[in-house]
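# Analysis of the macromolecular model
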Amino acid sequence: MFTERIYNFSAGPSMLPESVLKQAASELLNFGGSGTSVMEMSHRSKDFLAIFEETKALLKEVMGIPETHEALFLPGGAWMQFAMVPMNLIGTTGKADYAVTGNFSQLAMKEAKKYGDIHIACDSADLNHTYIPRQADLNLRPDAAYFHYCSNNTIYGTEWDYIPEASVPLVCDMSSNILSKPVDVSKYGLIYAGAQKNMAPAGLGVVVIDKNLVGNELPVTPTMLSYKAMVEADSMHNTPPCYNIYMLGLVLKWIKSEGGLVGMQAKNVEKAKVLYDYLDETTFYKSPVQKEVRSMMNVPFVTGNEDLDNAFCKEAEKKGLSNLKGHRNVGGMRASIYNAMPKAGLEALVAFMKEFETKNR
Ligand SMILES: *Cc1c(COP(=O)(O)O)cnc(C)c1O
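Residues numbered from 1 in each chain as written. Predicted model: local features only at pLDDT ≥ 70, side-chain atom pairs only at ≥ 80, totals over all residues. Heavy atoms only, no water.

Looking now at helix H7 (residues 260-281). Look at H7: 32 Å from first C-alpha to last across 22 residues, which is about the 32 Å you get at 1.5 Å a residue. Its axis deflected by about 30° at Lys273, H7 carries its strongest bend there. Gly260, Leu261, Gly263, Met264, Asn268, Lys271, Ala272, Leu275, Tyr276, Tyr278 and Leu279 are the residues of H7 that are buried. Lining the buried residues of H7 we find helix H2 (46-63), helix H6 (242-257), strand E11 (298-301), strand E13 (333-336) and helix H9 (343-360). (Helix = DSSP H or I, 4+ residues; strand = E, 2+ residues; numbered from the N terminus. Expected span 1.5 Å × (residues − 1). Bend = angle between axes of the 7 residues up to and from the residue. Buried < 20%, exposed > 50% of the residue type's maximum accessible area, 1.4 Å probe, protein only. Contact = heavy atoms within 4.5 Å.)

Checked against the element boundaries, Asn268 lands in helix H7. When sequence neighbours within four positions are dropped, the list of residues in contact with Asn268 reads Ser180, Met296, Met297, Ile337, Tyr338 and Asn339.

Let us now look at the packing of helix H3 (residues 79-89) against helix H4 (residues 103-112). Viewed as axis vectors pointing N to C, H3 and H4 meet at an angle of 45°, and their least axial separation amounts to 9 Å. Considered as vectors, H3 and H4 are oriented oblique to each other. The interaxial crossing formed by H3 with H4 has right-handed handedness. Contacts between H3 and H4 involve Trp79, Phe82, Ala83 and Pro86 from the former and Phe104, Leu107, Ala108, Glu111 and Ala112 from the latter. Class assignment of the residues belonging to the contact of H3 with H4 gives a composition of 8 nonpolar, no polar and 1 charged. (Axes fitted to C-alpha atoms, helices over the stretch in contact; angles between N-to-C directions. Parallel < 35°, antiparallel > 145°, perpendicular 65-115°, else oblique. Left-handed = near helix turned anticlockwise from the far one by under 90°. Nonpolar A, V, L, I, M, F, W, Y, C, P; charged D, E, K, R; others polar.)

All right, on to the site of the ligand then. Around the ligand, the surrounding shell holds 13 residues, and the nearest of these are Trp79, Thr154, Asp173, Gln196 and Lys197. The contact in question runs from an oxygen atom of the ligand to an N or O atom on the side chain of Thr154, over 2.5 Å. A distance of 2.6 Å separates a nitrogen atom of the ligand from a polar atom in the side chain of Asp173. Calculation on the ligand without its partners gives an accessible area of 390 Å², and the protein chains cover 87% of this total. When grouped by side-chain class, the residues that make up the shell around the ligand number 5 nonpolar, 6 polar and 2 charged. (Near = heavy atom within 4 Å. Polar contact = N/O pair within 3.5 Å; in protein donor to acceptor, adjacent residues only side chain to side chain. Areas by Shrake-Rupley, 256 points an atom, 1.4 Å probe, with all protein chains shown as cover.)

What follows concerns the pattern of salt bridges. For the structure shown, the criterion picks out 24 salt bridges. Of the charged contacts in the structure, one is a salt bridge between Glu54 and Lys253, with a shortest N-O distance of 3.4 Å. Linking Glu54 in helix H2 with Lys253 in helix H6, this pair joins segments that are 199 residues apart in sequence. Taking the shortest distance from any N to any O, the salt bridge between Asp280 and Arg294 comes out at 3.1 Å. Highlighted residues: Asp280 in helix H7 and Arg294 in the loop between H7 and E11, separated in sequence by 14 residues. Assessed through its relative accessible area of 40%, Asp280 is described here as partly exposed. Among the charged side chains, a network of salt bridges with common partners joins Lys56, Lys60, Glu70 and Asp234. (Salt bridge = Lys/Arg side-chain N within 4 Å of Asp/Glu carboxyl O.)

Let us now look at the pairing of E11. With burial as the criterion, each face of E11 is covered, one bearing Asn298 and Pro300 and the other bearing Val299 and Phe301. In this sheet, E13 lies alongside E11 in antiparallel orientation, the contact comprising 4 bridges. By the bridge assignment, Asn298 is partnered in E13 with Ser336. (Pairing = 2+ DSSP bridges.)

Here helix H8 (residues 306-318) crosses H9 at 130°, and the two axes come no closer than 11 Å. Between H8 and H9, the crossing angle belongs to the class labelled oblique. Seen along the crossing, H8 lies across H9 with a hand that is right-handed. Judged by residue contacts, Leu308, Ala311, Phe312, Glu315 and Ala316 of H8 engage Leu349, Phe352, Met353, Phe356, Lys359 and Asn360 from H9. Of the residues contributing to the contact of H8 with H9, the split by class is 8 nonpolar, 1 polar and 2 charged.

Looking now at the sheet that holds strand E5 (residues 147-150). Neighbouring strands of a sheet are bound in pairs by backbone hydrogen bonds; such pairs are parallel or else antiparallel. Taken together, 7 strands build an open sheet; the order of strands is E2-E10-E9-E8-E5-E3-E4 and the sheet is mixed. Because the sheet does not close on itself, it has two edges, and the strands there are strand E2 (69-75) and strand E4 (117-123). Ignoring which end each strand starts from, the neighbouring axes of this sheet average 20° apart. As defined by bridge partners, E5 adjoins strand E8 (residues 170-173) across 4 bridges and the pair is classed as parallel. Bridging across to E8, His148 finds its partner in Val171. Running over the sheet, H3 touches E2, strand E3 (95-100), E8, strand E9 (190-194) and strand E10 (204-210) and is turned about 160° from E9.

Our next topic: unusual backbone geometry. Along the chain, Gly12 connects to Pro13 via a cis peptide bond; the corresponding omega equals -10°. Despite not being glycine, Asn128 has its phi angle at roughly 45°, a positive value. One can find Asn128 in the loop between E4 and E5. For Asn128, a relative accessible area of 38% corresponds to the partly exposed category. The phi torsion at His129 lies on the positive side, around 55°, for a residue other than glycine.

Limitation: the analysis is restricted to geometry and does not speak to function.
See below:
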């Protein structure tokens, strides 16, 4: 039992900014004098359409989305995009290239195989995904319809330190680092992300797509999975995830008030430094990841002793440092430190790590 909010280091769903939760609570029963909750509103109502338009405008402003691109709010999180991307984009060439640098990019690649000729452009499994292949190591086909990669590997804790270059449209799964730093959206044909890490409650998928890529879906594509249908209906072919979209709007306002993505990046670098500086210093815990490409969002670390790792997680949990157990593919611990994790959470974690080290070394 906790009487205060804990620090939740979960990889997702994860923390939302406290001020956002408070605002949502304050208008839960009666949104802006409408007399109803956002949860109860018609998606065609004036009040909801205002929320929708504002959220979309905020996303475009905060991410710097150019006129060439459209933003979509879709159900099904990131996983639905694993299928939606190939169904809509593989088009006439029937070929696509995938970089495999972790769990989710591997899953996206496997799903895409149902729809065409999928080629692995690189695979970092040889060193358990502890590094990011360099541009020169990418084996890309000029006749691929697109090249897919995942910019931040949520489980393995690596983050691409460059935007790969390809002669074909670039498609990126940004689920675990979207809105964490500025990104040049014009370089991408399509960006997608599940909302539950840096954006909003789970279930919502955000897609930013170059309008030129819309309209080439395979004939079998269900209407609900057609970018064309969703662009034409402004994400409302059916009832969209209304409340999640409203929450995303609140989060985007919070990001703006924190200095936009430049401000977010500065905070994230400062926060991650608290943990990485300690990991560089201690010999008790080890980071399995190549230093140059370690993630600003997900930080795995291990003691090398499974019993100690388990004891660590158990004791941390009691202190309100929650969900630190690492993924079974990596073992040990993982601290997910998305936008909404305050610096004080990192300081509390490192203080606990030091205490645990002293007791168990
Ligand atoms: C969490 C995550 C996913 C899966 O998201 P869902 O919304 O559960 O489908 C996909 N890719 C990455 C990189 C993730 O971190």
